[in-house]
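# Structural features, examined
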Amino acid sequence: MDIMQVEDSLVCTRRVAGLQAVSLRILRGAKGERAVAVDTIGTRPGNWVFTISGSAARSAVGKPVLTDLCIGGIIDHWEDAAPPTRD
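About the thresholds
- Residues numbered from 1 in each chain as written.
- Predicted model: local features only at pLDDT ≥ 70, side-chain atom pairs only at ≥ 80, totals over all residues.
- Heavy atoms only, no water.
- Salt bridge = Lys/Arg side-chain N within 4 Å of Asp/Glu carboxyl O.
- Helix = DSSP H or I, 4+ residues; strand = E, 2+ residues; numbered from the N terminus.
- Buried < 20%, exposed > 50% of the residue type's maximum accessible area, 1.4 Å probe, protein only.
- Pairing = 2+ DSSP bridges.
- Phe/Tyr/Trp six-rings, centres within 6.5 Å; stacked < 30°, edge-to-face > 60°.
- Polar contact = N/O pair within 3.5 Å; in protein donor to acceptor, adjacent residues only side chain to side chain.
- Contact = heavy atoms within 4.5 Å.

## Looking at the pattern of salt bridges
Tallying each qualifying case throughout the model produces 3 salt bridges. Glu7 is the salt-bridge partner of Arg28, the closest N and O atoms lying 2.5 Å from each other. Remark: Glu7 occurs in strand S1 (residues 2-9) and Arg28 occurs in strand S2 (residues 23-28); sequence separation between them is 21 residues. Judged by relative accessible area, which is 29%, Arg28 ranks as partly exposed. Residues Arg25 and Asp39 are paired through a salt bridge, measuring 3.0 Å at the closest nitrogen-oxygen approach. Of this pair, Arg25 sits in strand S2 while Asp39 is found in strand S3 (residues 34-39), placing the two residues 14 residues apart along the sequence. For Arg25, a relative accessible area of 11% puts it in the buried group. Take Asp39: its relative accessible area is 4%, and that puts it in the buried class.

## Brief notes about the pairing of S1
Here 4 bridges tie S1 to strand S4 (residues 48-53), and the two strands are oriented antiparallel to one another. Within the sheet, the bridge partner assigned to Met4 lies in S4 and is Val49. Two elements, S1 and S2, share 4 bridges in a ladder whose sense is antiparallel. Opposite Asp8, over in S2, you have Ile26 as the bridge partner.

## Some remarks on the environment of Cys12
Assignment of secondary structure puts Cys12 in the loop between S1 and S2. Considered as a pair, Cys12 and Ser23 are 11 residues apart in the sequence and their alpha carbons are 9.6 Å apart.

## Some words on the packing of aromatic side chains
Considering all chains together, one arrives at 1 aromatic pair under this definition. Residues Trp48 and Trp78 carry aromatic rings whose centres are separated by 5.8 Å and whose planes lie at 75° to one another, so their mutual orientation is edge-to-face. Pair noted here: Trp48 is in strand S4 and Trp78 is in the segment after strand S5 (69-74), with a separation of 30 residues, a long-range link. Note on Trp48: relative accessible area 35%, which makes it partly exposed. Overall, Trp78 belongs to the partly exposed group, its relative accessible area being 43%.

## Remarks on the side chain of Asp39
Of the polar contacts made by the side chain of Asp39, one reaches the backbone nitrogen of Ile41; its length is 3.0 Å. In this structure the side chain of Asp39 is engaged in a polar contact, spanning 3.0 Å, whose partner is the backbone nitrogen of Gly42. Other than its neighbours up to four places away in sequence, Asp39 contacts Ser23, Arg25 and Ile71.

All we've got here are geometric facts, nothing functional implied.
Below is the structure:
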């Protein structure tokens, strides 16, 4: 699982059979890399999300979809677990 931010929707006029009824989102990772993920929960640009990859992504969608990345949830809040610094 990775934490990524939703940049925008991806519009495709032609898709393979399993991807016809799903929404696609462009995501950006912490290092600036981009990825496309299946969105079954209704995210919006700017949302921070956690992603599920590989064969688990196909299971998480819950229907036969050809994907290796899906959005597992929208992150409402998290705290950085960085260790405290000593002065």
